[in-house]
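If you want the building blocks of each chain, they are given just below.
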Amino acid sequence: MSGDLSKPRKVNNGIVAAVCLAFFTGMVGMAYAAVPLYKMFCQVTGYGGTTQRAEKQYAGRVLDRDITIRFDANTNGIPWQFEPVARSVTIKIGETTQAHYSATNKFDRPITGRASFNVQPEMAGAYFNKVECFCFTDTTLKPGETLDMPVVFYVDPDIVNVPELKDLKTITLSYTMFPVEKKQPVASSVPAAGSSKKVPDSEASLGG
């Protein structure tokens with residue numbers, strides 16, 4: 001009799017264990033998915049100062065109103081000299097403009113870097129459209145090598161329809177360069193130390 005009573009208990013324990021395992025697996029999956037989903041959300045909405053990837057190269061209209069774009073550059077754990085060529089530019093809202101950043105490897109071996117970005121104020125991110133950019137692209141520089149890094153952008157004229165941004169005079173575009181560990185050796189086609197090259201005017205598949 002007691003043997004028969006133990007069978008339902010064993011079955012119930014098995015069900016509980018299976019449910020717990022499924023719950024744990026689901027939570028792990030959600031944790032891994034959270035980062036790319038959050039990045040996608042930011043890119044679509046401009047939340048957190050994330051700029052938009054423009055589907056077209058021009059805004060379609062240019063307003064007779066100036067706005068100043070300031071350029072900021074930072075490094076985080078990478079021995080590069082990374083800076084904007086010009087600290088700011090004043091343009092018309094809706095005008096497509098190209099700016100340049102410069103990176104030089106100051107270390108004694110090849111280093112690979114990748115840039116992230118944001119804009120301030122954060123609400124302006126939804127209206128700052130980048131046509132071409134170097135962000136999210138892994139770039140390897142040999143010792144002493146210098147790289148020209150262009151970014152092409154425009155400010156969406158619809159920004160003047162936002163009450164909080166209608167009187168905005170300045171937007172800051174900020175990049176932070178991080179090191180990227182490469183498992184494969186540097187390609188032999190990389191220019192020799194002390195030379196310079198230019199990042200192609202194209203974005204990575206992630207946009208930016």
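Higher on the page you've got the structure.
Here goes a summary of the coordinates provided. Every value quoted in this text rests on a predicted model; they were computed, and no experiment measured them.

## Looking at the side chain of Asn105
By the element assignment, Asn105 lies in strand E5 (residues 97-105). By relative accessible area, Asn105 is classed as buried at 1%. Side-chain polar atoms of Asn105 contact the backbone oxygen of Lys142, separated by 3.3 Å. What Asn105 contacts, discounting residues up to four positions off in sequence, is Pro79, Trp80, Pro110, Ile111, Leu141, Lys142, Pro143, Gly144 and Glu145.

## Focus: the pattern of salt bridges
Close approach of charged atoms lets side chains of opposite charge pair. One pass over the structure, following the stated rule, counts four salt bridges. Linking Arg114 and Asp138 is a salt bridge whose minimum nitrogen-to-oxygen distance equals 2.5 Å. With a gap of 24 residues between them, Arg114 in strand E6 (residues 111-120) and Asp138 in the loop between strand E7 (128-132) and strand E8 (139-141) connect regions that are remote in the sequence.

## Concerning the pairing of E5
Walk down a regular strand and you will see the side chains alternate between the two sheet faces. The element E5 is extensively covered by neighbouring structure, given that seven of its nine residues are classed as buried. One ladder, built from five bridges, connects strand E3 (residues 80-84) with E5; its direction is antiparallel. The residue of E5 that forms the bridge with Glu83 is Ser102. Looking at chain direction, E5 and strand E9 (residues 146-155) are connected through eight bridges and run antiparallel. Paired with Gln98 across the bridge in E9 is Val152.

## Considerations on the environment of Pro150
In this fold, Pro150 is placed in strand E9. Among the residues examined, Pro150 registers a relative accessible area of 4% and is labelled buried.

## Some words on the nonpolar core
Among the nonpolar cores identified, the biggest contains 37 residues, and Ile69, Phe82, Tyr101, Ile171 and Tyr175 are the most heavily contacted of them. For this core, the secondary structure elements donating two or more residues are strand E2 (66-75), E3, E5, E6, E9 and strand E10 (170-180). Sort the elements by how many residues they give to this core and E9 lands first, with five residues. Beyond its immediate sequence surroundings of up to four residues, Phe82 is in contact with Ala73, Asn74, Thr75, Tyr101, Ser102, Ala103, Phe134, Met149, Tyr175 and Met177.

## Some details on the side chain of Thr112
Here Thr112 is to be found in strand E6. A distance of 2.5 Å separates the side chain of Thr112 from the side chain of Thr140, its partner in a polar contact.

Criteria and thresholds
Residues numbered from 1 in each chain as written. Predicted model: local features only at pLDDT ≥ 70, side-chain atom pairs only at ≥ 80, totals over all residues. Heavy atoms only, no water. Helix = DSSP H or I, 4+ residues; strand = E, 2+ residues; numbered from the N terminus. Buried < 20%, exposed > 50% of the residue type's maximum accessible area, 1.4 Å probe, protein only. Polar contact = N/O pair within 3.5 Å; in protein donor to acceptor, adjacent residues only side chain to side chain. Contact = heavy atoms within 4.5 Å. Salt bridge = Lys/Arg side-chain N within 4 Å of Asp/Glu carboxyl O. Pairing = 2+ DSSP bridges. Core = buried A, V, L, I, M, F, W, Y, C linked by side-chain atoms within 4.5 Å.

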